[in-house]
Amino acid sequence: MKKIKVTLENIRENIKNFYDEKLWHFITLNGVALEDSKTEIQWIFSKYEAMDNIVVYYAEIQQDDIVPSIVDMIPSAIISQREIVDMFGIKVEGSDKGLYLDADSTQMPLSGCSL
Amino acid sequence: MKQTINIPLGSQHISLLEPVRFKFECENEKIIGVDSDVGFVHRGVERACTTKFKFDAVGYVVARVCGLCAITHSLSYTVAVEKLLDGEVTSKAKYLRILLLELDRIHSHMLCLSHTCENAGFEAMFMQIMGDRELIMEIQELLTGNRVQFDFISIGGVNRDLSSENAKLILEKLKLVREKVLSYMDEFTSNWSLSLKFKGVGVLTLDEAYRFNAIGPLARASGLKIDVRNEIDYLPFNEIGYEMQTHTDGDINARNILRLREILNSIDMCENVINGLPDGEIFTKIKGKPKGESIVRFEAPRGELMYYIKGNGKPILERVRIKTPTFACIPAFSHIFVGQDYADAPAILASFDPCLSCTAK
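This report concerns the structure included in the present document. (Residues numbered from 1 in each chain as written. Chains lettered and ligands numbered in written order. Predicted model: local features only at pLDDT ≥ 70, side-chain atom pairs only at ≥ 80, totals over all residues.)

What to know about the interface of chain A and chain B
Consideration 1: Contact with chain A, which involves 26 residues of that partner, is made by 28 residues of chain B.
Consideration 2: If you list the elements that add at least two residues to the side of chain A that touches chain B, you get β2 (24-33), β3 (39-47) and α2 (77-88) of chain A.
Consideration 3: Per element, the largest residue contribution to the side of chain A that touches chain B is six residues, and it comes from β2(A).
Consideration 4: Across the side of chain A that touches chain B, the residue classes tally to 17 nonpolar, five polar and four charged. (Contact = placed C-beta atoms within 7 Å. Helix = DSSP H or I, 4+ residues; strand = E, 2+ residues; numbered from the N terminus. Nonpolar A, V, L, I, M, F, W, Y, C, P; charged D, E, K, R; others polar.)

Concerning the pairing of β3(A)
Residues and elements named next belong to chain A.
Consideration 1: Counting buried positions along β3 yields seven of nine residues, so the element is predominantly enclosed.
Consideration 2: Bridging between β2 and β3 involves nine bridges; their strand directions are antiparallel. Counterpart to alanine 33 in the pairing with β3 is threonine 39.
Consideration 3: Here β2 hands over to β3 after five residues, with aspartate 36 in that stretch at a positive phi of 60°. (Buried ≥ 20, exposed ≤ 12 C-beta atoms within 10 Å, placed from the backbone. Pairing = 2+ DSSP bridges.)

A few points about the sheet that holds β2(A)
All names here are of chain A.
Consideration 1: Strand order across the open sheet formed by four strands is β1-β4-β3-β2, with mixed pairing between neighbours. Only two strands of the sheet have a single partner each, and these edge strands are β1 (2-5) and β2. Within the sheet, the average angular offset between the axes of one strand and its neighbour, ignoring direction, is 25°.
Consideration 2: Across the sheet, α2 lies against β2 and β3, angled at about 5° from β2, the strand it touches most. (Axes fitted to C-alpha atoms, helices over the stretch in contact; angles between N-to-C directions.)

Looking at the sheet that holds strand β3 (residues 30-37) of chain B
Residue and element names in this part refer to chain B.
Consideration 1: The strand order β1-β2-β3 describes an open sheet built from three strands, whose pairing is antiparallel. Of all strands in the sheet, those bounded by a partner on one side alone are β1 (5-9) and β3. Sheet twist, expressed as the mean angle between neighbouring strand axes with direction ignored, is 25°.
Consideration 2: The pairing of strand β2 (residues 21-27) with β3 spans seven bridges and is classified as antiparallel. Across the sheet, the residue bridging to phenylalanine 22 is serine 36, located in β3.
Consideration 3: Taken strand by strand, helix α10 (residues 325-337) contacts β2 and β3, and its axis lies near 160° from that of β3.

Right under this line is the structure:
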């Protein structure tokens, strides 16, 4: 697993330069609660037909940061963007709350704020 | 201006025994827009794994995520932990893990094919496949002691050995299953209800499969060569005769035929595992507590299953992330429906083989 640190300002540019849909498979978006109510957001990719070749772009964010959407580049990312909005209570551009929780729920089950 | 109507499919629907709802915007019979809702039964398994259970019990918790691919879940988690603990299991344990993994695939594919028959109005075939599927359930019971929840995989190996009497019985049952599956292949290629009716319906092209990151039989039926068994070396799939199956048509019929071919390949693999089972122990003691991050993927019956775990050297993990195949394919599902007739929607949905138990983990 190769991890590459990015910021919210340059994640879109990084993925735009990296992602070729015929070479790389987008697995999912992941969140990991960190200390001080921070969250690590991970964009996870694997290479088609390559042995265990996984690349993870990651950024540390504060609870009130807005994560840029990558749905215009990777349409399938919408479902995992909506999942981390629900589970971590963070904001992702263009991704509404309400996939698993009620749209007006104040819960954020996996956020560092609630652990 | 044309008038459109909204028609819901689910969350309770006669053609689908899972709590998912698709809301179709239709213009006459054509679907022109789709909205999906998959969040009816979310169970909070990921949070439970990092708050209620120690890492060595989590493998048994995640097996409860899904009754159909319980082995794939517990195996993915277990291998992720073993990677962090630098643990190596014996060849015999690896072979037995493959055996259960492929049996999961066989009975899950048979379930999907039976539902496809049901949606085609072919009730007799539905009953026949469900009846024949019992043979696989019996094999699983012989191997693990249970028909559904197995608790067969543990950190360091597997919990039960295969006796020579059971090996002989299993080979006999697998031979019978192969004959049954070959007869299904005839039906699915020659019977109008199961072949022509489903040709050109619910098509996902290769380009769309790439664009929507399709996985599993859905992707391979469109010609996309993605199968995690081809991209990992935790288990020796190539030693025991794994061959990637693909199709090019991308429609319901292609998905059915692909699943039948995969069942036949899985039967080959199971037979090769039993005939070539190495000697040795089935369990190795692995000590320590997980520290660091690990990502492990396995090919579940519906496609790529991913586990991410993060440990800090304590008994309770910091994070367990489960990415299930159906969840990842929801955007592709929604895309495929657009342009199709509403009347075909139940059959298209059944051909996706969705698992909402996995999705709402």
